[in-house]
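# Report on the structure
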Amino acid sequence: MKVRIPGAPPDPIWLENIRAHYWIHDILQIFVGLGCWIIQRDQQKKLDWMELTPQDPMTLKPHHFEIAYGKESLRDAFHVKNFDRAAKERHPIVDQCWGASSLFIYIGEARDRQVFLYSDYFLTRPIDWATLTSQWKALTGKNTSETDPDFTDYVRMNLKYPVLQGPLLQGVIDFFECYVKLLLGQDDSALLYERVNQLRINVFSRYSHNKAWIDQALGREKLIPPPWAWEHGYHLEPWMVEELGVTEIPNYVFAVMPSFPLNESRFSAQSAVQNHLIQKQCLAFAKTLSQTMAENLEDYGTAFLTHASGKDRGRSQVMEKAQAVRRFISEKFGLESMIGVGRQAEPGQTLHSSYQEAIMALNLCVQTDKNIYFYADNIHGKSKPSYQKIQQAESELFDAVADHLTARIKLMEDHYVRAILEFAANHTGVVRGQFLSCLSHLSDHIGQKKILNSSQLSLFWKKLERRLSTATTISELIYTFKDAIHNLSILTGNPTDGTKTIRLQELLVFVEKNYNRSLPLQGVARQTGFSIPVFCRLFKKTTGLSFVTYLNKLRVEKSKTILKTSTLPIYQIGENCGFPNTYLFNRNFRRWVKMTPTDYRKKFASISA
């Protein structure tokens, strides 16, 4: 931000123009985060696109899906309609196609061509599961399926869109109108500069955040100095204090991830949507905490940057803030959460180490079933991680599984996972490779014992390899690895019952993904290869519930998420979750939640409203 020295001569006009252009593009890249084009349209309505913000050609966009599913003409018609509207009405147009909104602004005419400023893709309200599934159905003609990679990609694409609503959307429109005036030279550049600066202070800083500044502060590129490192010492510039709402340099990072109930898939597309909503609320909540800001942690959690004074006192201050975040997530979403805390950074230094340690500590929460884990507690008295330590832990785990010692399996599994986490230093690829190698060796060991025949073992390994290969986070890898060890230990303990149990567990995964369909008992039993009496007996022994009761409870749990994150009518939510009528939905909901769906929705006011 420019500071004018009192009494100094005014800057030349070319310098003012450069500053204004630079500032506009800075705001565009940092806060708005939208693709932006200048478009010229000739009399035949052919479009000439000039890109103003570079886009990654490998990033999936809606038109990729539209081309793949034969809907490209609808996007073309959408553009024609809104360019016509913008040219006729002469004011900004916001419209959506397949849920993603675009902005159209008429600039004027040049050489028999109409000129527009165009920006996409963004959302005008937070995405919810019901909206996503209906859009997918309309776009592709297919039902949603967690096993469909196209659908998973579609969900992740939508979750990356910025959400512009209320004052933020109006601020973006005002910003682009300033941009148009700057391009046309219709206003004094210094005046436009000041108008955009006011948008930065009053709108963008309040309803959004400076992602580039936070990325640099976290030291995601650790060789780049932190944004507070200046020639005359470490300090926050006045514009940073004004924009970020903090007066002290952050020196701690803690990472937060919600914990979903055990009967919910932790890493399904549906949980990714809920994670996205939780992230959005956590970014806003961070602004209410003293000396704190936040940024998304990939698509599964949130990283909080904060300042705390002193080591002992600082730990208690961070603990208070971490507990406040846990209470917020519990009250807002009805979910528990896990938090990993990195060590205090040295004065003025980048937060790279604290950030990496916070993620490590978060994964140790998963490993140890703790709610809050300080990385400093993990390294106290520990030796430097080594590959020899991993080999030793792997050997002890093999022995425990071979001897079917349940308590020792859990202990050795914990030792092995911790050794991998320390060795891998938060590199997902390293963790995945080590888990694949360990389970491959363990499967070979089981094969040599003839516990499973070769075809059974091959099928088991293929499914496991696919799950590990598609996992996107270390936490997901840990859950998958532990699940595999559990299944393999069952097989070594009782090969006959073990294969039945694994078949039943595969059925539970199938039910998890198809709970909203009609699942008659006879058909489900046939799918597992059991007679109805054997299936019912084994299912009750494994889950503690009859199949029908288990299915209805699962449907109720799924409906709770939709009730909290959408405004769909109650009857429609029941139908979407597999209940044939509203009466059965209400009856089962009251049985498991002790209140009606309507009362539950009122308790957790829809965050998408």
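One structure accompanies this document, and this report is about it. (Residues numbered from 1 in each chain as written. Predicted model: local features only at pLDDT ≥ 70, side-chain atom pairs only at ≥ 80, totals over all residues. Heavy atoms only, no water.)

Quick look at the pairing of strand 11 (residues 336-341) now. Extensive coverage of strand 11 is indicated by the burial of 5 of its 6 residues. Pairing geometry for strand 8 (residues 252-259) and strand 11, over 6 bridges, is antiparallel. Residue pairing for strand 11: M257 is matched across the bridge by M338. Here strand 11 pairs with strand 12 (residues 372-374) via 3 bridges, running parallel. Of the residues in strand 12, the one forming a bridge with I339 is I372. (Buried < 20%, exposed > 50% of the residue type's maximum accessible area, 1.4 Å probe, protein only. Helix = DSSP H or I, 4+ residues; strand = E, 2+ residues; numbered from the N terminus. Pairing = 2+ DSSP bridges.)

So, about the environment of R590. When you line up the elements, R590 lands in helix 24 (residues 582-593). Among all residues touching R590, those that are not within four sequence positions of it are M595 and T596. (Contact = heavy atoms within 4.5 Å.)

Attention now moves to the sheet that holds strand 10 (residues 301-306). Taken in spatial order, the 5 strands of this open sheet run 9-10-8-11-12, and their pairing is mixed. The open sheet terminates on both sides in strands that have one partner only, identified here as strand 9 (292-297) and strand 12. When the angles between neighbouring strand axes are averaged without regard to direction, this sheet yields 20°. Each of strand 8, strand 9 and strand 10 touches helix 10 (residues 269-286); the most contacted strand, strand 9, lies at about 165° to it. (Axes fitted to C-alpha atoms, helices over the stretch in contact; angles between N-to-C directions.)

Right, let's talk about the nonpolar core for a bit. With 63 residues, the main nonpolar core has W213, L397, Y416, F435, L439, F481 and I485 as its most contacted residues. What I485 contacts, discounting residues up to four positions off in sequence, is L397, V401, I409, E413, L439 and L442. Core analysis: the second largest hydrophobic core is formed by 48 residues, Y121, M157, Y161 and F579 among them. (Core = buried A, V, L, I, M, F, W, Y, C linked by side-chain atoms within 4.5 Å.)

Geometry only, nothing functional implied.
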